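Coordinate analysis (summary)
These are the residues of each chain, in order.
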Amino acid sequence: MNRNELQEVVTPAQSILVSTRPGEQSAGAPGSSGLSIDIVVNRQRRQLDVDPRASLLDLVRDHLHLMGTKKGCDHGQCGACTVHLDGRRVVSCLMLALQADGREVTTIEGLAGPNGSLHVMQQAFIDHDALQCGYCTPGQIMSAVACVREGHANSVAGIREYMSGNLCRCGAYVGIVAAIQDAAPRMQGAEP
Amino acid sequence: MRSFAYARPLTVMAAVQALADASPHARIIAGGTTLYDLMKLNIEAPQALVDVSRLGELTTFDTSGTRELVFGAMARMSDIAADRTLQTDYPALAESLWLAASPQVRNMATVGGNLLQRTRCAYFRGGAPYPCNKRQPGSGCAAIGGLDRSHAILGTSTSCVAVYPGDWAVALAAFDAQLDTVSPRGERTIPIDELHREPGETPHLETILKPDELIVRIRVPVTVAGRASTYHKIRDRASYAFALASAAVALRVDGDTVREARIALGGVATRPWRARDAERALMGGALTEGSARAAGELAFTAARTGQYNRFKVELGARTIAEALMIAKGRAKTS
Ligand SMILES: Cc1cc2nc3c(=O)[nH]c(=O)nc-3n(C[C@H](O)[C@H](O)[C@H](O)COP(=O)(O)OP(=O)(O)OC[C@H]3O[C@@H](n4cnc5c(N)ncnc54)[C@H](O)[C@@H]3O)c2cc1C
Ligand code: FES
Ligand code: FES
């Protein structure tokens, strides 16, 4: 399915969405007070009730059970939770799930081909040992794919600057830069 | 986190209405990268959010005007940073955006919300047991006499030494930008220089905006000094950090003679800080390494330092001097 088809599937929220239940103190599980959103995740349209406080990250992990996207800091600082929103990389921990209503999300699970074949960038991370514990890796890969698509992966300096929002506590940076350098030209050939 | 009511207006008119209905307990949320972050820390606890991130009419910007540049408040940092005209004609503005935060945050954060980001002071963000007059008025300031390495040396008070952390507002201050706002009481225009307050006795009051007042656009008067400009940002690491010291500088030179100098500072002050004494000192003279250095030092004559941030006087002066020479180089090539 291409982007244009998706635009038709998704109805942008035309009406004002209002919850009138402020002031609850309980930190209930996501979904408890139920504001409804309509969202496309990894090419699948979903209608969900979410707690207004839930982040897009909570939605992806706790509601949709897509565990690839990781929670590192929960404050926008580490990049472990990076996903694509309408094709742009964002930190899903700093976005209200409500703000993703009517939009298209791609997580690490949505990167592989329909037959399960790894994305060029995923294979490059394996080939270049671009990970140790792997916790930061889904975020690194989502960021790396965006970095190439943005046109920021044409030099080592560009890669380092535009990957700086993804921290790796294991220090696999050298391998990460090598993987992106390797994958970038092949991605540019393989993608529209 | 406390739960909240949520409204997502799709037009500015509907947003003003939503703010009028929910006031005084509603907060505006745009990209959410400051507000939602602080809600998670229980530092902000709004009863209602008015989500303005989809006000389509405010997401556009225009850098081709002959009188002013216009930025819709909901335009994303990354989109403006990528604008070619801005990169060549106003490098200081473009640099202040792409040297800030991370690529992901820049895709989310709006240039309106950016102006109102709150301090990164660890005592403010950290909460109990540390007192903080910004977080809890009257409780005291743990940074004064505490770990104050990243704190302000200009515009401080005995109540607060927290740094204004943003970059974009500093660059806008150098160019005398103006903000257009709308609220249930009508519209007004605010010079960027008047937006932020020094802490004084009331550090919790950071700007002159009313809670129900929406910034709709930012306007920058066109100036040839834009081409000979830079945002020079000095950080603890090469990328992805807040400024320890920064200088937005723009110049108009005639041969070697300075006809116009604009200097604003970040990372060292409690608000975006215009260094007018330093600007005046440069006017009409030749810009050399020596005069640049002297202007840099002049900007910090009123500095009040704490235990661990004395280095910012020297660092700040050098940052200004370097920025002036970078801007001068751009004046030659343009
Ligand atoms: C990890 C990290 C690193 C960062 N590094 C930097 C950095 O190096 N340099 C830098 O400059 N910034 C940095 N930031 C801060 C970031 O730029 C700001 O959080 C962001 O610009 C705020 O914009 P927003 O749209 O997300 O605002 P929001 O969080 O939505 O809002 C911020 C505030 O502004 C108010 N508000 C928002 N829009 C409007 C409007 N149109 N009218 C009136 N009020 C409004 C809200 O009520 C709130 O009080 C960083 C942030 C993070 C998370
Ligand atoms: S978990 Fe989102 S940036 Fe760290
Ligand atoms: S591989 Fe362990 S944090 Fe990056």
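Computed from a prediction, not measured in an experiment: that's the story for all the values here. (Residues numbered from 1 in each chain as written. Chains lettered and ligands numbered in written order. Predicted model: local features only at pLDDT ≥ 70, side-chain atom pairs only at ≥ 80, totals over all residues. Heavy atoms only, no water.)

Looking now at the packing of aromatic side chains. Residue and element names in this part refer to chain B. As enumerated under the stated definition, the model contains five aromatic pairs over all chains in all. Between phenylalanine 71 and tryptophan 168, the aromatic rings sit 5.5 Å apart at their centres with planes inclined by 85 degrees, giving edge-to-face as the arrangement. In this pair, phenylalanine 71 is assigned in strand β5 (residues 68-72) and tryptophan 168 in helix α9 (residues 168-174), connecting sequence segments 97 residues apart. Summarising the burial analysis for this pair, phenylalanine 71 and tryptophan 168 share the class buried. For the ring pair tyrosine 90 and phenylalanine 175, a centre distance of 5.7 Å and an interplane angle of 75 degrees mean the geometry is edge-to-face. Of this pair, tyrosine 90 sits in the loop between α4 (84-89) and α5 (91-98) while phenylalanine 175 is found in the loop between α9 and β6 (178-183), placing the two residues 85 residues apart along the sequence. (Phe/Tyr/Trp six-rings, centres within 6.5 Å; stacked < 30°, edge-to-face > 60°. Helix = DSSP H or I, 4+ residues; strand = E, 2+ residues; numbered from the N terminus. Buried < 20%, exposed > 50% of the residue type's maximum accessible area, 1.4 Å probe, protein only.)

All right, on to the site of ligand 1 then. Ligand 1 sits among 31 residues. The nearest are Ile28, Thr33, Thr34, Thr110 and Asp167 of chain B. Close to ligand 1, residues of chains A and B are found. Backbone polar atom of glycine 32 of chain B to an oxygen atom of ligand 1: 2.8 Å apart, as the coordinates give it. Elements with a contribution of two residues or more to the shell around ligand 1: β2 (26-29), α7 (111-115) and β8 (214-221) of chain B. Sort the elements by how many residues they give to the shell around ligand 1 and β2 of chain B lands first, with three residues. (Near = heavy atom within 4 Å. Polar contact = N/O pair within 3.5 Å; in protein donor to acceptor, adjacent residues only side chain to side chain.)

Next up on the list: the sheet that holds strand β10 (residues 245-254) of chain B. All names here are of chain B. Spatially, β9-β10-β11-β12 is the arrangement adopted by the four strands of the open sheet, whose pairing is antiparallel. Two strands close off the open sheet at either side, each with one partner strand: β9 (229-234) and β12 (273-274). Bridging between β9 and β10 involves six bridges; their strand directions are antiparallel. Counterpart to threonine 230 in the pairing with β10 is valine 249. (Pairing = 2+ DSSP bridges.)

A few words now on the sheet that holds strand β4 (residues 61-62) of chain B. Residue and element names in this part refer to chain B. Taken together, the five strands give an open sheet; going across it, the order is β4-β5-β8-β6-β7, and neighbouring strands pair in antiparallel fashion. The open sheet has two edge strands with one neighbour each: β4 and β7 (186-191). Two elements, β6 and β7, share six bridges in a ladder whose sense is antiparallel. Within the sheet, the bridge partner assigned to leucine 179 lies in β7 and is isoleucine 190. Along the sheet face, helix α1 (residues 12-22) touches β6 and β8 and points at about 130 degrees away from the line of β8. (Contact = heavy atoms within 4.5 Å. Axes fitted to C-alpha atoms, helices over the stretch in contact; angles between N-to-C directions.)

Another point: the domain arrangement of chain A. Many authors give the size of an interface as the accessible area that is lost as the parts come together. Residues and elements named next belong to chain A. Segmentation of chain A into domains returns domain 1 (1-32), domain 2 (35-110) and domain 3 (120-190). Using only C-alpha atoms to locate each centre, domain 2 and domain 3 end up separated by 21 Å. Listed as interface residues are 14 residues of domain 2 and, on the opposing side, 17 residues of domain 3. Summing both sides of the interface, domain 2 and domain 3 together bury roughly 1300 Å²; the carbon and sulfur share of this comes to 54%. The largest per-residue losses of area from domain 2 upon contact with domain 3 belong to His84, Arg89 and Ile108, which jointly make up 49% of the total buried on that side. Scanning the region where domain 2 abuts domain 3 turns up one salt bridge. With its nearest N and O atoms 2.8 Å apart, the salt bridge here joins glutamate 150 to arginine 89. For the side of domain 2 that touches domain 3, the class distribution of residues is three nonpolar, eight polar and three charged. (Domains from an automatic or database assignment. Buried area = accessible area lost by both parts, 1.4 Å probe. Salt bridge = Lys/Arg side-chain N within 4 Å of Asp/Glu carboxyl O. Nonpolar A, V, L, I, M, F, W, Y, C, P; charged D, E, K, R; others polar.)

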